[in-house]
Amino acid sequence: MQTCLSLCSRGYGVARGAGKVLAAGLVSLSLASAASADPVTLLAVGDSLTQGYGLAPEQGLVPQLQSWLEDHGADVNVINAGVSGDTTAGGRARLGWSLTPEVDAVMIALGGNDMLRGQPPAKARANLDAMLAEVTAKGLPAALVGLQAPGNYGTAYQADFNAIWPELGAKYDAVVVDHLLGPIAAQSPEARAEQGLMQADGIHPSAKGVTLVVEALGPKVLELLERVAPQS
């Protein structure tokens, strides 16, 4: 089952630089290292939103994020570890072998398919908790990227699901984005249609939609990269 997004009533089914000062209003990237140091390697673990479902290779979340980060002074290699249809359980199962020695930081963007399938929020929370524990045990900084549940599962489900991101973020001192698709969700249905922010399936962002998402996500990823320990 592919992940999906209905922004009205259904749930979503997602170098080390030289201390260059970023342009107006952006956090400066101070990853102290020599100019010849290897790029920071960021592992992006997710589902179809990370994988880039339905888009040309250069239009997906990872390549657009890579370009945005480079444009804002980061020397980084973003690894696309997105698997369409993946749940938090699937991500938890494959995380270990994805954490190869070159990985410097991890972004986890999972949970939408758990929500789409109506799985208990406690199950998603437990899987994400285990993933963050595994990442931080290796001394790697983490970002937790979530989604907001709609009200059609009930207010209790919605509250429990939406609480996952800030609470686990605080527990593991992770960089938190509580709604990856928030920039699209903030648009009215008419505006989304007029701007072409969604694919024809109505559930995955278009290339333009991904661009909007990356503009909001990028500064948070820069914050994550600032936490990477300098090379010895």
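Numbering of residues starts from 1 in each chain and follows the order in which that chain's sequence is written. Side-chain atom pairs in this predicted model are given and counted only at pLDDT of 80 or more, local residue features only at pLDDT of at least 70, and totals for whole chains, interfaces and linings cover all residues. Computation of side-chain values covers all heavy atoms of the structure but excludes hydrogens and water.

## Brief notes about the pairing of strand S1 (residues 40-46)
- Along S1, seven of the seven residues are buried, which leaves the element largely enclosed by surrounding structure.
- Strand pairing is assigned whenever DSSP identifies at least 2 bridges connecting the two strands. In DSSP terms, a helix is any run of H or I states spanning at least four residues, a strand is any run of E spanning at least two, and both are numbered starting from the N terminus. In terms of strand pairing, S1 meets strand S2 (residues 76-82) through seven bridges, oriented parallel. By the bridge assignment, Leu43 is partnered in S2 with Ile79.
- As paired elements, S1 and strand S3 (residues 105-109) share five bridges and run parallel to each other. Only protein chains enter the area calculation, which uses a 1.4 Å probe; residues under 20% of their type maximum are buried, those over 50% are exposed, and those in between are partly exposed.

## Some details on the packing of aromatic side chains
- Pairing of aromatic rings covers Phe, Tyr and the six-membered ring of Trp, with a centre-to-centre limit of 6.5 Å; geometry is then stacked below 30 degrees between planes, edge-to-face above 60, and tilted otherwise. Counted by the stated rule, this structure contains three aromatic pairs.
- Note on Tyr153 and Tyr157: the rings are 4.8 Å apart at their centroids and 40 degrees apart in plane angle, and the pair reads as tilted.
- Look at Tyr153 and you get partly exposed, because its relative accessible area is 30%.
- Geometrically, the ring pair formed by Tyr157 and Phe161 is stacked, given 6.2 Å between the ring centres and 10 degrees between the ring planes. Of this pair, Tyr157 and Phe161 both sit in helix H6 (residues 155-162), separated by four residues, roughly a single helical turn. The burial state of Tyr157 is the same as that of Phe161; both residues are buried.

## Remarks on the nonpolar core
- Only buried Ala, Val, Leu, Ile, Met, Phe, Trp, Tyr and Cys residues count toward a nonpolar core, and they belong to the same one when joined by side-chain atoms within 4.5 Å. Core analysis: the biggest nonpolar cluster contains 35 residues, and Leu42, Leu69, Val76, Met107, Leu180, Leu217 and Val221 have the highest contact counts within it.
- Taken together, the elements giving at least two residues each to this core come down to S1, helix H2 (61-71), S2, S3, strand S4 (142-145), strand S5 (175-177) and helix H10 (207-225).
- Residues within four places of Leu217 in sequence aside, it is in contact with Leu61, Leu65, Met107, Val145, Val177 and Leu180.
- One finds Leu110, Leu128, Leu132 and Leu168 within the second-largest nonpolar core, a separate group that totals 26 residues. Any two residues having at least one pair of non-hydrogen atoms within 4.5 Å are treated as being in contact.

## Some points on the packing of H2 against H10
- Axis lines are fitted through C-alpha atoms, for helices just across the contact stretch, and the angle between N-to-C directions can take any value from 0 to 180 degrees. Between H2 and H10, the least distance of the axes is 8 Å, while the angle of their chain directions is 55 degrees. By the angle between their directions, the pair H2 and H10 is classed as oblique. Once H2 is placed against H10, the crossing between them reads as right-handed. Counting all contacts with H2, which are made through Leu61, Gln64, Leu65, Trp68 and Leu69, the residues of H10 involved are Ala207, Val210, Thr211, Val213, Val214, Glu215, Leu217, Gly218, Pro219, Val221, Leu222 and Leu225.
- Lys, Arg, Asp and Glu make up the charged group, whereas Ala, Val, Leu, Ile, Met, Phe, Trp, Tyr, Cys and Pro make up the nonpolar group; the residues left over, Gly among them, are polar. Each residue belonging to the contact of H2 with H10 can be placed in one class, and the counts come to 13 nonpolar, three polar and one charged. An angle counts as roughly parallel when it lies under 35 degrees, as roughly antiparallel when it exceeds 145, as roughly perpendicular when it falls between 65 and 115, and as oblique in every other case. Should the near helix be turned anticlockwise from the far one by less than a right angle, the crossing is left-handed, and should it be turned clockwise, the crossing is right-handed.

## What about the sheet that holds S4?
- Here we have five strands laid out as an open sheet, ordered S2-S1-S3-S4-S5, and parallel in their pairing. For this open sheet the edge positions go to S2 and S5, each flanked by a neighbour on one side alone. Neighbouring strand axes in the sheet, compared pairwise and without regard to direction, differ in orientation by 15 degrees on average.
- As defined by bridge partners, S3 adjoins S4 across three bridges and the pair is classed as parallel. In the strand pairing of S4, Met107 is matched with Ala143.
- Packed on one face of the sheet, H2 meets S1, S2 and S3 and runs near 165 degrees to S2.

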